[in-house]
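Close look at the chain arrangement
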Amino acid sequence: MYLGVMQCFGEVSDFKYTTSVMMTSDGDQMDRRRIKSVKVQMPNSMEYQPVECAIVVNAAGAFSGKLAEMLGIGLGPKDSLAGIPVPVEPRKRYVYVVHCPDGPGLDTPFLIDYSGVYFRREGLGGNYISGASPEEVEEPDASNLEVDHQFFENKVWPKLANRVPAFEKLKVKLA
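Quick caveat, the model's predicted, so the values are computed rather than measured.

Bringing the overall build of the chain into the picture now. For the chain, the helix and strand inventory stands at two helices and eight strands. Starting at the N terminus, the α and β elements of the chain follow one another as β-β-β-α-β-β-β-β-α-β. Relative to a compact globule of 175 residues, whose C-alpha radius of gyration would be 16 Å, the chain shows 23 Å and is clearly more extended. Seen through its C-alpha atoms, the chain measures out along the principal axes to roughly 65 × 40 × 30 Å. Summing over all exposed atoms, the chain offers an accessible surface of approximately 12600 Å²; the carbon and sulfur share of this is 55%.

Another point: the side chain of Ser64. With respect to the element layout, Ser64 can be found in helix H1 (residues 64–69). Note on Ser64: relative accessible area 9%, which makes it buried. Setting aside its immediate chain neighbours within four residues, Ser64 contacts Asn58, Val86 and Val88.

A separate point is the sheet that holds strand E3 (residues 48–52). Reading across from one edge, E1-E2-E3 is the order of the three strands in this open sheet, with antiparallel pairing throughout. In this open sheet, the two edge strands, each paired with only one partner strand, are strand E1 (11–23) and E3. Strand-to-strand twist of the sheet, defined as the mean angle between neighbouring strand axes without regard to direction, takes the value 35 degrees. As defined by bridge partners, E1 adjoins strand E2 (residues 29–41) across twelve bridges and the pair is classed as antiparallel. The residue bridging Asp14 from the neighbouring strand is Lys39, located in E2.

A few words now on the side chain of Lys92. Relative to the helices and strands, Lys92 resides in the loop between H1 and strand E4 (94–99). The side chain of Lys92 is buried and forms no salt bridge, while Asp148, the nearest opposite charge, is found at 6.4 Å. Within the structure, the side chain of Lys92 is placed 2.8 Å from the backbone oxygen of Asn144, a separation counted as a polar contact. At a separation of 2.6 Å, a polar atom in the side chain of Lys92 contacts the main-chain carbonyl oxygen of Glu146. Setting aside anything within four residues of it in sequence, one finds Lys92 in contact with Pro134, Glu139, Pro140, Asp141, Ala142, Asn144, Leu145 and Glu146.

Attention now moves to the sheet that holds strand E6 (residues 118–122). As summarised here, the arrangement of the five strands in space is E5-E6-E7-E4-E8, forming an open sheet in which the pairing is antiparallel. Both outer strands of the open sheet, strand E5 (111–112) and strand E8 (171–174), are each paired with one neighbouring strand and no more. With six bridges connecting them, E4 and strand E7 (residues 127–132) associate as antiparallel partners. What sits directly across from His99, in E7, is Asn127. Across the sheet, helix H2 (residues 149–163) lies against E4, E5, E6, E7 and E8, angled at about 120 degrees from E7, the strand it touches most.

Quick look at the UniProt feature "domain: FAD dependent oxidoreductase" (unreviewed entry) in the chain now. Taking the UniProt record as the reference, the feature "domain: FAD dependent oxidoreductase" (unreviewed entry) is found at residues 51–169. Helix makes up 18% of residues 51–169 and strand makes up 18%, while its end C-alpha atoms are separated by 54 Å.

Looking now at H2. The terminal C-alpha atoms of H2 lie 20 Å apart, and with 15 residues this matches the ideal 21 Å at 1.5 Å per residue to within 8%. Along its length, H2 reaches its greatest deviation from straightness, about 40 degrees, at Val156, and the proline Pro158 lies no more than four positions downstream. All of the buried residues along H2 are Phe151, Phe152, Val156, Leu160 and Ala161. Where H2 is buried, its residues meet E4, E6, E7 and E8. Sitting at the head of H2, Asp148 places a side-chain oxygen 3.1 Å from the backbone nitrogen of Gln150.

Thresholds, definitions, all that
Residues numbered from 1 in each chain as written. Predicted model: local features only at pLDDT ≥ 70, side-chain atom pairs only at ≥ 80, totals over all residues. Heavy atoms only, no water. Helix = DSSP H or I, 4+ residues; strand = E, 2+ residues; numbered from the N terminus. Rg over C-alpha atoms; globule rule 2.2 N^0.38 Å. Areas by Shrake-Rupley, 256 points an atom, 1.4 Å probe, with all protein chains shown as cover. Buried < 20%, exposed > 50% of the residue type's maximum accessible area, 1.4 Å probe, protein only. Contact = heavy atoms within 4.5 Å. Pairing = 2+ DSSP bridges. Axes fitted to C-alpha atoms, helices over the stretch in contact; angles between N-to-C directions. Lys, Arg positive; Asp, Glu negative; His and termini not counted. Salt bridge = Lys/Arg side-chain N within 4 Å of Asp/Glu carboxyl O. Polar contact = N/O pair within 3.5 Å; in protein donor to acceptor, adjacent residues only side chain to side chain. UniProt positions renumbered as here; feature names shortened; annotations may be inferred. Expected span 1.5 Å × (residues − 1). Bend = angle between axes of the 7 residues up to and from the residue.

In structure tokens, the structure reads:
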């Protein structure tokens, strides 16, 4: 515990809350929910841990939108405050570590090509972090964690080599 905060690592499965009705400045009725406890499933266990609380911080990263939906946030009428979702969703991104001993030097800045392909130097060993985001029509399933080497071969590498000719000889180390 630090400054009255206890971190809990697990997956939220439910909330207990009280509901009261309030009026907005426009005169619309709105349900106000006050969270009393969070039900957390502990990692590698069937055990659930109820966590009593006064304040909850949504730190679910890419899954923050889904967690907010568990409380009904974003599920209300579209023209109301309750209908505004948390605009966060998981998206798969392609990031590769490549090795190119003859690549740009230590003073190379983080470079983003107009096509969206990017790279930056990583340390002293001729390594670079590079990648790109897929087009919206090519958006992959975020639950599939397999590396797409074809994406690098077809979309990233040609643009890297066009921008920096030394990258024609690079080797992918990690993806």
